[in-house]
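The lines below spell out each chain.
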Amino acid sequence: MIIGLVAGMLIGSATAAVAATSPTVQAVVSKYAITVDGQQQTLKSDPLVYKGTTYLPVREVAGLTGYDLQFDAKSKKIDLQTKAEGGSTVSQTTNQPTEKKVSWITAREANEKYGIKYVVDKESTFSYGEKSVVFPVSMYENPDGKTFTNAEKTASLMFKNGVPYLGSDTLQLLGVNQ
């Protein structure tokens, strides 16, 4: 009986010693109103707040903003990829020198929602009313995965999976009120 009691005490003290050396974090679970492109969204998991920084569940946020998330447990790598179909409005930092935040919409959606017309020949031209924006790239040149600007660097165009996306800066330049 004494051997069992001593063994129990040793196991209990070893567990307490391991717990004392493991890092712990005290965070607060919080509720936030989240909107994406002006539309109210709901998260399944509540955000955590730690030392004034809010931590959001990356998989849910990726889905809300139009990305697919791939996680590799071995390398501990998270990879976000733009969805090609459905939910095609995405947010991404462009490779432009100003590194400004641009939201994206497919050229097809821009045509359906706003009546933006586009012609792809040696250049890609997008028109709305009397305004137009020209990009020095043709969709037929296989520009997949690249972002382009017009000559004035005031508008952006991106190609993903063969689909042209207009930047919010392009819509603004054309005079579209989103």
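This is a predicted model, so every value here is computed, not measured.

Caption draft 1: Main features of the sheet that holds strand β10 (residues 117–120). Pairing is antiparallel in the open sheet, where three strands are placed in the order β10-β11-β12. The sheet is open, and its two borders are formed by β10 and β12 (131–135), each paired with just one other strand. Here the strands of the sheet are splayed against their neighbours by 15° on average, with no regard to which way each runs. Bridge count between strand β11 (residues 124–128) and β12: five bridges; the pairing is antiparallel. Residue Phe126 lies in a different strand from β12, and its bridge partner there is Val133. Taken strand by strand, helix α3 (residues 107–114) contacts β10 and β11, and its axis lies near 150° from that of β10.

Caption draft 2: Structural detail: unusual backbone geometry. Look at Lys51: it is not a glycine, yet its phi comes out positive at around 50°. Relative to the elements of secondary structure, Lys51 occurs in the loop between β4 (48–50) and β5 (53–55). Positive phi outside glycine occurs at Lys153, with the angle close to 60°. Along the chain, Lys153 turns up in the loop between β13 (147–149) and β14 (156–160). Owing to a relative accessible area of 51%, Lys153 belongs among the exposed residues under this scheme.

Caption draft 3: Seen up close, the sheet that holds strand β1 (residues 28–29). As summarised here, the arrangement of the three strands in space is β1-β4-β5, forming an open sheet in which the pairing is antiparallel. The open sheet is flanked by β1 and β5, the only strands paired with a single partner. Of the strand pairs in this sheet, β4 and β5 are connected by three bridges, and their pairing is antiparallel. Counted as the bridge partner of Tyr50 is Thr53 from β5.

Caption draft 4: Representation of the packing of aromatic side chains within the structure. Inspection of the entire model under this criterion finds three aromatic pairs. Considering the side-chain rings of Phe126 and Phe135, the 5.9 Å spacing of their centres and the 75° angle between planes classify their relative orientation as edge-to-face. Each of the two residues, Phe126 as well as Phe135, counts as buried. A network of ring pairs unites the aromatic residues Tyr118, Phe126 and Phe135 as a single cluster.

Analysis parameters
- Residue numbers here run from 1 along each chain, matching the order of that chain's written sequence.
- For a predicted model such as this one, the threshold for reporting local features is a pLDDT of at least 70, and the threshold for listing and counting side-chain atom pairs is 80 or more; totals across whole chains, interfaces and linings nevertheless cover every residue.
- Only heavy atoms go into the side-chain values, all of them from the structure, while hydrogens and water stay out.
- Only strands that DSSP links by at least two bridges are regarded as paired with each other.
- Working definition: helices are DSSP H or I runs of at least four residues, strands are E runs of at least two. Numbering for both runs from the N terminus.
- Helix axes use the C-alpha atoms of the stretch in contact, all axes being lines fitted to C-alpha atoms, and the angles between their N-to-C directions lie in the range 0 to 180 degrees.
- Throughout, a contact is declared for two residues whenever any of their heavy atoms are within 4.5 Å.
- Relative accessibility thresholds used throughout: buried, under 20% of the residue-type maximum; exposed, over 50%; partly exposed, between the two (1.4 Å probe, protein chains only).
- Two aromatic rings from Phe, Tyr or Trp, using only the six-membered ring of Trp, form a pair when their centres are within 6.5 Å; if the ring planes differ by under 30 degrees the pair is stacked, by over 60 it is edge-to-face, and anything between is tilted.

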